[in-house]
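Residue strings, one per chain:
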Amino acid sequence: MKQKLTRQFYSQPTLEVAHALLGKYLVRQIGQQKLIGQIIETEAYLGHQDKASHAFGKRTARNEIMFGSAGFWYVYLIYGIFSCLNVVTQKKGFPSAVLIRALEPIEGIGVMKRLRRKSDLGDLTSGPGKLCQALKIDRTLNRTKAFGRDCSLWIQGRKEPNDFKIGTSKRIGVGCAGPYWARRQWGCFIRDNQCVSKR
DNA sequence: TATTGGATCGCC
DNA sequence: GCGATCCAATAG
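So, here's what we can say about the structure. Since the model is a prediction, treat every value here as computed from it, not as a measurement.

1. Observations regarding the protein's contact with DNA strand B
Piece 1. Near DNA strand B you find 23 residues, and of these H54, Y76, N86, R116 and G129 are the closest.
Piece 2. Taken together, the sugar and phosphate atoms account for 46% of what DNA strand B places within 4 Å of the protein.
Piece 3. Contact distances for DNA strand B include 3.2 Å between a base nitrogen and a side-chain N or O atom of Y76.
Piece 4. At a separation of 3.4 Å, a phosphate oxygen of DNA strand B approaches a polar side-chain atom of R101.
Piece 5. Going through the elements one at a time, β3 (73-78), β4 (82-88), β5 (96-107) and α4 (128-134) are the ones with two or more residues in the surface near DNA strand B.
Piece 6. Here the surface near DNA strand B is built from residues that sort into 12 nonpolar, six polar and five charged.

2. Overview of the environment of G167
Piece 1. Along the chain, the position of G167 falls in strand β7 (residues 166-169).
Piece 2. Using a relative accessible area of 1% as the deciding quantity, one classes G167 as buried.
Piece 3. Once the C-alpha coordinates of G167 and G157 are considered, the two residues, 10 residues apart in sequence, prove to be 20 Å apart.

3. A closer look at the protein's contact with DNA strand C
Piece 1. Near DNA strand C, the surroundings consist of K58, T60, R62, L77, Y79, G80, I81 and R139.
Piece 2. Close to the protein, within 4 Å, the atoms of DNA strand C are drawn from sugar and phosphate at a rate of 68%.
Piece 3. Within the contact set of DNA strand C, a phosphate oxygen lies 2.6 Å away from a side-chain nitrogen or oxygen of T60.
Piece 4. The contact in question runs from a base oxygen of DNA strand C to an N or O atom on the backbone of Y79, over 2.3 Å.
Piece 5. For the surface near DNA strand C, the residue count by class is three nonpolar, two polar and three charged.

4. Examining the layout of surface pockets
Any space left empty among the atoms is revealed by the rolling of a water-sized probe across them.
Piece 1. Approximately 720 Å³ is the volume found for the largest pocket.
Piece 2. Together, 29 residues line the largest pocket, and Y76, I78, I172, G173 and V174 are the ones closest to its centre.
Piece 3. Taken together, the elements giving at least two residues each to the lining of the largest pocket come down to β2 (33-46), β3, β4, β5 and α4.
Piece 4. In terms of residue class, the lining of the largest pocket is built from 15 nonpolar, eight polar and six charged.

5. Regarding the packing of aromatic side chains
Piece 1. In total, this model carries five aromatic pairs according to the counting rule given.
Piece 2. Ring geometry for F72 versus F147: centroids 5.8 Å apart, planes at 90 degrees, classification edge-to-face. Highlighted residues: F72 in the loop between β2 and β3 and F147 in the loop between α4 and β6 (153-156), separated in sequence by 75 residues.
Piece 3. Connected via pairs of aromatic rings, a cluster forms that spans Y180, W181 and W186.
Piece 4. In this structure, K4 packs its charged tip against the face of W154, placed 4.4 Å from the ring centre.
Piece 5. Just above the ring of Y76 sits the side chain of R62; from NZ or CZ to the centre is 5.9 Å.

6. Some words on the state of the cysteines
Piece 1. Counted according to the given criterion, the structure contains zero disulfides.
Piece 2. Unpaired in this structure, C176 has its nearest cysteine sulfur neighbour in C84, at a distance of 15 Å.
Piece 3. You can call C176 exposed: its relative accessible area is 81%.
Piece 4. The closest cysteine sulfur to the non-disulfide-bonded C188 is located on C195, 16 Å from its own sulfur.

Rules used throughout
Residues numbered from 1 in each chain as written. Chains lettered and ligands numbered in written order. Predicted model: local features only at pLDDT ≥ 70, side-chain atom pairs only at ≥ 80, totals over all residues. Heavy atoms only, no water. Near = heavy atom within 4 Å. Polar contact = N/O pair within 3.5 Å; in protein donor to acceptor, adjacent residues only side chain to side chain. Helix = DSSP H or I, 4+ residues; strand = E, 2+ residues; numbered from the N terminus. Nonpolar A, V, L, I, M, F, W, Y, C, P; charged D, E, K, R; others polar. Buried < 20%, exposed > 50% of the residue type's maximum accessible area, 1.4 Å probe, protein only. 1 Å grid on protein atoms, 1.4 Å probe; cavity = no way out; pocket = protein on both sides within 12 Å on 5 of 7 lines; lining within 4 Å. Points joined across faces, edges and corners; volume = space filled by probe spheres on them. Phe/Tyr/Trp six-rings, centres within 6.5 Å; stacked < 30°, edge-to-face > 60°. Lys NZ or Arg CZ within 6 Å of the ring centre and 35° of its normal. Disulfide = S-S within 2.5 Å.

Pasting the structure below:
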């Protein structure tokens with residue numbers, strides 16, 4: 001249960017992965033230090049027809065990893081400042097990924113506060129750019145593995161059974177994709193949690 | 001080679 | 001509401 005999720009897990013349909021990741025632990029290992037956050041909010045990006053996805057239309061150097069096999073990290077720089085973390089899903093050739101949008105800080109909170117230069121728990125990891133800053137995630141992790149022995153960033157289950165309610169929403173910040181794709185309810189989150197990203 | 005705009009955030 | 005600040009994507 002507290003094992004790293006496997007590549008088989010990430011190979012499932014993207015919407016199932018997006019939901020199943022809620023409540024699980026994202027773990028960043030830096031030397032002996034572990035930074036851990038519980039996943040609170042995710043979004044699915046689904047196939048080359050999804051106009052909101054970086055993999056829409058054509059295959060390029062940046063989105064190439066989304067066309068690969070499941071269980072690899074896709075980390076990109078947004079607005080020249082922040083990183084965003086995704087994990088690739090489904091099968092090779094079908095470009096899809098889940099964006100990790102928010103965490104609840106669990107372990108290594110002091111380090112997260114320093115990296116973020118913020119002290120409010122509700123502001124440490126409550127957004128895709130914030131959580132990357134708090135867990136020291138940047139493009140050096142792009143295209144690396146989320147499974148197996150040699151990773152410094154992975155997701156694992158918890159012992160406790162899930163006791164939360166799940167909500168769904170539109171994906172955030174994808175209005176340019178046009179109404180059809182922007183309206184898909186492909187975001188999901190844990191209800192009544194202080195750390196969901198704001199809108 | 002040049003231009004444009006983005007799956008965000010924090011301050012005004 | 002708006003600017004920051006880099007780089008991928010696209011146009012020329």
